[in-house]
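What the coordinates show
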Amino acid sequence: MVVAILPAAGKGERLGESLPKQFLDLKGIPLLVRTLLAFEKAPQIDGIIIATHPLYLEHTENLIKSFNLRKVLKIVEGGTTRQRSVYQAVKIAPLETEVFLVHDAVRPFVPESLIKRVIEATRSYGASVPAIPVRDTLNLVKDHLVKANVPRENLFHIQTPQGIKANLLKTCLDEAIARGLEFTDESSLLTYFGHPVYVVEGSWLNFKITFKEDLILAEKLIDCKIETL
Ligand code: CTP
Ligand code: MG
């Protein structure tokens, strides 16, 4: 069984709206629902668990009902960090879960081909993430001055969904929480504990809606009907 975990308990502070970004309307459909629909449509996904902020539990439940999202198994209360939100979901996942796919609730344009690629690599290697190579020159800048160049050959932007065999994610999260360690994604968590994470090709359109301009870009992409690459 493949279970998608959607951490959706953040506040969206960098976007700066009073409503957390995952609930903002994106051309008639809330952002969270657009992301959920990508997983609803993917035949490889058996179930979905959402971690939401306690204040938005009822709101999230109402969205699932009104958009008739059938794969959602459970909505749990998230934690104070993304890692804690993911942990809440992992703890209540069905025992039959073999693979978890952790996907930011604010990346609505994830292509189905990418979901498939990550699942296949996770089954072979234990864990897998999509990534895209850094395009721009990377420099160290301090006080408005360029101090040094950072060679970018081996630098990648890591995206989600991040696939991990279920027992591996549980074990690593238990250990990290027990030791008070905090990671911004699962690939960093697994790497810290010495587990290999296989990198597959990501997509430039699978961007995370973080700032206001990302929301404007997302609306334009929906207008163009170029939803995924
Ligand atoms: N997330 C979560 N629980 C938290 C913090 C973040 O479930 N305590 C989720 C967000 O809802 C989002 C994903 O993790 O789907 C990626 O986080 P990010 O883009 O940083 O979202 P926010 O934390 O909401 O935004 P910001 O950092 O700007 O406040
Ligand atoms: Mg955040």
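Predicted, not measured: the structure shown is a model, and the values here were computed from it.

Digging into the overall build of the protein chain
A tally of helices and strands in the protein chain yields seven helices and twelve strands. Since a compact globule built from 229 residues should have a radius of gyration of about 17 Å, the 17 Å found for the protein chain is in line with a globular shape. Along the first, second and third principal axes, the C-alpha set of the protein chain runs to 55 × 40 × 35 Å. A total accessible area of about 11,900 Å² is found for the protein chain, and carbon and sulfur atoms account for 53% of it. Charge-centre separation for the protein chain: the mean point of 28 positive side chains lies 1 Å from the mean point of 27 negative side chains.

Here's the deal with the side chain of serine 203
Inspection of the secondary structure assignment puts serine 203 in the loop between strand S12 (198-201) and helix H7 (212-224). A relative accessible area of 6% places serine 203 in the buried class.

Things to note about empty space enclosed by the protein
The method is simple in principle: a probe with the dimensions of a water molecule rolls over the atoms, and the space it marks as empty is what remains. If you walk through the whole model with that rule in mind, you get one cavity of 30 Å³ or more. By volume, the largest cavity amounts to about 40 Å³. As for the largest cavity, its lining consists of Arg82, Gln83, Val86, Leu169, Leu173, Phe183, Asp185, Glu186 and Leu189. Counting residues per element, the lining of the largest cavity draws most heavily on helix H3 (residues 82-91), which supplies three residues. Here the lining of the largest cavity is built from residues that sort into five nonpolar, one polar and three charged.

Thoughts on the site of ligand 1
Around ligand 1 sit 19 residues, and of these Pro7, Gly12, Glu13, Ser85 and Lys208 come closest. Alanine 8 has a polar backbone atom sitting 3.3 Å from an oxygen atom of ligand 1. The backbone of glycine 79 places a nitrogen or oxygen atom 3.0 Å from a nitrogen atom of ligand 1. Out of a free accessible area of 570 Å², ligand 1 has 87% covered by protein chains.

Brief notes about the layout of surface pockets
Its volume calculated, the largest pocket comes out at about 1,000 Å³. Forming the boundary of the largest pocket are 40 residues, of which Arg14, Lys21, Arg82, Asp104 and Lys208 lie nearest the centre. If you list the elements that add at least two residues to the lining of the largest pocket, you get strand S1 (2-8), H3 and strand S10 (156-158). Here the element with the most residues in the lining of the largest pocket is H3; it accounts for three residues. Its residues assigned to classes, the lining of the largest pocket comprises twelve nonpolar, 18 polar and ten charged.

A closer look at the pairing of strand S9 (residues 145-150)
Within S9, only zero of the six residues are buried, which leaves the element largely exposed. Taken together, the five bridges between strand S8 (residues 138-142) and S9 define a ladder with antiparallel strand orientation. Bridge assignment links lysine 142 to a residue of S9, and that residue is leucine 145. Between the antiparallel neighbours S8 and S9 lie two residues, among them aspartate 143 with a positive phi of about 50°.

Side note on unusual backbone geometry
The linkage connecting threonine 160 with the following residue, proline 161, adopts the cis geometry, with an omega of 10°. The residue proline 161 is located in the loop between S10 and strand S11 (162-165) in this model. Of note, lysine 27 is a non-glycine position whose phi angle comes to about 55°, a positive value. Note that lysine 27 resides in the loop between strand S2 (25-26) and strand S3 (29-30). We note that asparagine 68 has phi near 50°; this positive angle belongs to a residue other than glycine. Along the chain, the position of asparagine 68 falls in the loop between helix H2 (57-66) and strand S5 (72-77).

Brief notes about the packing of aromatic side chains
Going through the model one piece at a time under the given rule, you end up with five aromatic pairs. Relative to tyrosine 56, the ring of phenylalanine 23 lies with its centre 5.0 Å away and its plane at 25°, an arrangement referred to as stacked. Taken together, the positions of phenylalanine 23 in the loop between S1 and S2 and tyrosine 56 in the loop between strand S4 (47-52) and H2 put the pair 33 residues apart, joining distant regions of the chain. Centre to centre, the rings of phenylalanine 183 and tyrosine 192 are 5.3 Å apart; their planes meet at 50°, and the pair counts as tilted.

A short note on the side chain of serine 85
Tracing the backbone shows serine 85 in helix H3. Ignoring sequence-local partners within four residues, the contact set of serine 85 consists of Pro7, Ala9, Ala51, Gly78 and Gly79.

Rules behind the numbers
- Residues numbered from 1 in each chain as written.
- Chains lettered and ligands numbered in written order.
- Predicted model: local features only at pLDDT ≥ 70, side-chain atom pairs only at ≥ 80, totals over all residues.
- Heavy atoms only, no water.
- Helix = DSSP H or I, 4+ residues; strand = E, 2+ residues; numbered from the N terminus.
- Rg over C-alpha atoms; globule rule 2.2 N^0.38 Å.
- Areas by Shrake-Rupley, 256 points an atom, 1.4 Å probe, with all protein chains shown as cover.
- Lys, Arg positive; Asp, Glu negative; His and termini not counted.
- Charge placed at Lys NZ, Arg CZ, Asp CG, Glu CD.
- Buried < 20%, exposed > 50% of the residue type's maximum accessible area, 1.4 Å probe, protein only.
- 1 Å grid on protein atoms, 1.4 Å probe; cavity = no way out; pocket = protein on both sides within 12 Å on 5 of 7 lines; lining within 4 Å.
- Points joined across faces, edges and corners; volume = space filled by probe spheres on them.
- Nonpolar A, V, L, I, M, F, W, Y, C, P; charged D, E, K, R; others polar.
- Near = heavy atom within 4 Å.
- Polar contact = N/O pair within 3.5 Å; in protein donor to acceptor, adjacent residues only side chain to side chain.
- Pairing = 2+ DSSP bridges.
- Phe/Tyr/Trp six-rings, centres within 6.5 Å; stacked < 30°, edge-to-face > 60°.
- Contact = heavy atoms within 4.5 Å.

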